[in-house]
Amino acid sequence: MKKERPVCPHCGSNQLVADGSLEFDGAAGEWRAGSEIYNESCLCRNCGRSEFNPEWKEHKFTVLTPAHATLDLSDPPPYCSFDVDVDLIEKIKSVREAIQSLALAEASISFGAWWGPETDEYRLQGGALVIASSGSFWASDMRKHESYYIESEVIEVDDLLALWETATTGSVHVLAAHGDEAVELLAEYRTDTIEPPVDDH
């Protein structure tokens, strides 16, 4: 799986169409896409710009999901966020295959999610990504000197893999929340992550 993808230099979308070569496959008896893409032949389906060469960027986006604590008396962070890149996708696929081949109920890997708005305030011990045999996963961590976990909502692996194919590089996607909850979660996340303006004076 390639780490980089072609994106529109104007809007960052990877929804591109380009003119290129075709090669005839005699064994299959059909035309197949060739490897040559003509210069300045791209069209972006997202912003409508045309006649440009794409930029190649590492494909990475952010997932945002509600968070909760496993103990009702605790004060959990409002959300969990984490970056999705090719390395994470490959790890999740590998662990899922191991779970299936070994008939495990679940397995976990070390994982550092961001628990908003201030991860440092929670004094965490080192997180994990838990992948279940049911085909779902969630992020989990534990505060120091506490006996409960903070966890993300459950996300379906297939939903993440489908998003991997369609998401725009650099975008933020809310999973396991819908409607007003998703809108509010995204607004809170954007407020927490906006860089304050730099005063040059």
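Every chain begins its residue count from 1, and numbering advances along the sequence as written. With the structure being a predicted model, the display of local features is reserved for residues of pLDDT at least 70 and the display and counting of side-chain atom pairs for 80 or more, all residues being used for whole-chain, interface and lining totals. Side-chain numbers here rest on the full set of heavy atoms in the structure, without hydrogens or water.

## Concerning helix α3 (residues 179-193)
- The first and last C-alpha atoms of α3 sit 22 Å apart over 15 residues, in line with the 21 Å expected at 1.5 Å per residue.
- Note on classification: 1.4 Å probe, protein chains only; a residue is buried when its accessible area is under 20% of the maximum for its type, exposed when over 50%, partly exposed between these limits. Secondary structure follows DSSP: runs of H or I at least 4 residues long count as helices, runs of E at least 2 residues long count as strands, and numbering of each begins at the N terminus. Taken together, the buried positions of α3 are Ala182, Leu185 and Tyr189. Viewed along the axis of α3, the buried residues span an arc of 65°, placing them on a single side of the element. Facing away from the buried side of α3 by more than 90 degrees, the exposed set consists of Asp180, Val183, Glu184 and Thr191.
- The elements touched by buried residues of α3 are β8 (61-69), β9 (79-84) and β16 (172-174). To estimate how far a helix should reach, multiply one less than its number of residues by 1.5 Å. The directions from the helix axis to the C-beta atoms form the arc being described. We call two residues in contact whenever any of their non-hydrogen atoms come within 4.5 Å of each other.

## Points about the side chain of serine 21
- Structurally, serine 21 is set in strand β3 (residues 20-25).
- Residue class for serine 21 comes out buried when judged on its relative accessible area of 16%.
- If near-sequence neighbours (up to four positions away) are discounted, serine 21 is found in contact with Ala33, Gly34, Ser35, Glu36 and Tyr38.

## With respect to the confidence of the model for the protein
- Here pLDDT means the predictor's own confidence in every residue, given as a number from 0 to 100. The predicted model of the protein averages 86 in pLDDT, with 91% of residues at 70 or higher.
- Taking the mean pLDDT of every element in the protein, the minimum, 80, falls on strand β4 (residues 30-37) and the maximum, 97, on strand β15 (residues 155-156).

## Focus on the side chain of aspartate 141
- Looking at the secondary structure, you find aspartate 141 in strand β13 (residues 136-142).
- Polar contact is defined as a pair of N or O atoms within 3.5 Å, subject to the rule that within protein one atom must be able to donate a hydrogen and the other to accept it, and that residues adjacent in sequence are counted only when both atoms are side-chain atoms. A distance of 3.1 Å separates a polar side-chain atom of aspartate 141 from the backbone nitrogen of glycine 127.
- Other than its neighbours up to four places away in sequence, aspartate 141 contacts Trp115, Leu124, Gln125, Gly126, Gly127, Tyr149 and Ile150.

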